Amino acid sequence: VHVASAQAADVSAAVGATGQSGMTYRLGLSWDWDKSWWQTSTGRLTGYWDAGYTYWEGGDEGAGKHSLSFAPVFVYEFAGDSIKPFIEAGIGVAAFSGTRVGDQNLGSSLNFEDRIGAGLKQPNDGIESYSLFYKIPI
């Protein structure tokens, strides 16, 4: 019996807090690009596709919102034996169940999901989320 291998995928879960004191809960799925660029003794550039569902708590008017997101993410992995530090950046799209999340007015239910900071429409107060991730290879 021959089993074909699929592209590497990971499932992630995250619990976090926003810069406005709200909580976030996220489930994600990512696919490795399985490509490397600029590979040197210092490290390499690679990346992955990331899709996620996030539940946003906080505030009175904007409590209990949901979002679906999708983004390409570039990763620079530094060379190392047992510990491999990395930095990543990506900009994708996120569809929210409303225009208010907590006390933040996003202006539109369709926004950028970014890891470098950007907005899509005014007014756009933006929202920050700090999370602890756990990723499981599948």
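What counts and how
- Residues numbered from 1 in each chain as written.
- Predicted model: local features only at pLDDT ≥ 70, side-chain atom pairs only at ≥ 80, totals over all residues.
- Heavy atoms only, no water.
- Helix = DSSP H or I, 4+ residues; strand = E, 2+ residues; numbered from the N terminus.
- Phe/Tyr/Trp six-rings, centres within 6.5 Å; stacked < 30°, edge-to-face > 60°.
- Buried < 20%, exposed > 50% of the residue type's maximum accessible area, 1.4 Å probe, protein only.
- Salt bridge = Lys/Arg side-chain N within 4 Å of Asp/Glu carboxyl O.
- Pairing = 2+ DSSP bridges.
- pLDDT = per-residue confidence, 0-100.
- Contact = heavy atoms within 4.5 Å.

Draft legend 1. Broad picture of unusual backbone geometry. Positive phi, close to 55 degrees, is recorded for Asp34, a residue that is not glycine. In this structure, Asp34 sits in the loop between strand 2 (23–32) and strand 3 (43–56).

Draft legend 2. The packing of aromatic side chains, seen in detail. Tallying each qualifying case throughout the model produces seven aromatic pairs. Note on Trp33 and Trp37: the rings are 6.1 Å apart at their centroids and 75 degrees apart in plane angle, and the pair reads as edge-to-face. Ring centres of Tyr76 and Phe78 lie 5.0 Å apart, and the angle between their planes is 75 degrees; this geometry places the pair in the edge-to-face category. Overall, the relative accessible area of 30% leaves Phe78 in the partly exposed class. What links up through ring pairs into an aromatic cluster is the set Trp33, Trp37, Trp49, Phe70 and Phe74.

Draft legend 3. Molecular detail of the pattern of salt bridges. A complete count under the given rule lists two salt bridges for this structure. Here Asp50 ties to Arg26 by a salt bridge, and the two come within 2.5 Å at their closest N and O atoms. Pair noted here: Asp50 is in strand 3 and Arg26 is in strand 2, with a separation of 24 residues, a long-range link. On the accessibility criterion, Asp50 (4% relative accessible area) is buried. Exposure remark for Arg26: the relative accessible area of 10% places this residue in the buried category. For Glu77, the salt bridge goes to Arg44, with nearest N and O atoms at 2.8 Å. Of the two residues, Glu77 sits in strand 4 (residues 65–78) while Arg44 sits in strand 3, which places them 33 residues apart along the sequence. We classify Glu77 as partly exposed; its relative accessible area is 26%.

Draft legend 4. A look at the pairing of strand 5 (residues 86–96). As defined by bridge partners, strand 4 adjoins strand 5 across nine bridges and the pair is classed as antiparallel. Bridge assignment links Glu77 to a residue of strand 5, and that residue is Phe86. Of the strand pairs in this sheet, strand 5 and strand 8 (residues 110–114) are connected by five bridges, and their pairing is antiparallel. Paired with Ala95 across the bridge in strand 8 is Leu110.

Draft legend 5. Here's a closer look at the confidence of the model for the chain. Chain-level statistics for the chain give a pLDDT mean of 79 and a share of 76% at 70 or above. In this model, residues 1–5 is a region of pLDDT below 50 whose contacts with residues beyond four sequence positions or in other chains number zero contacts.

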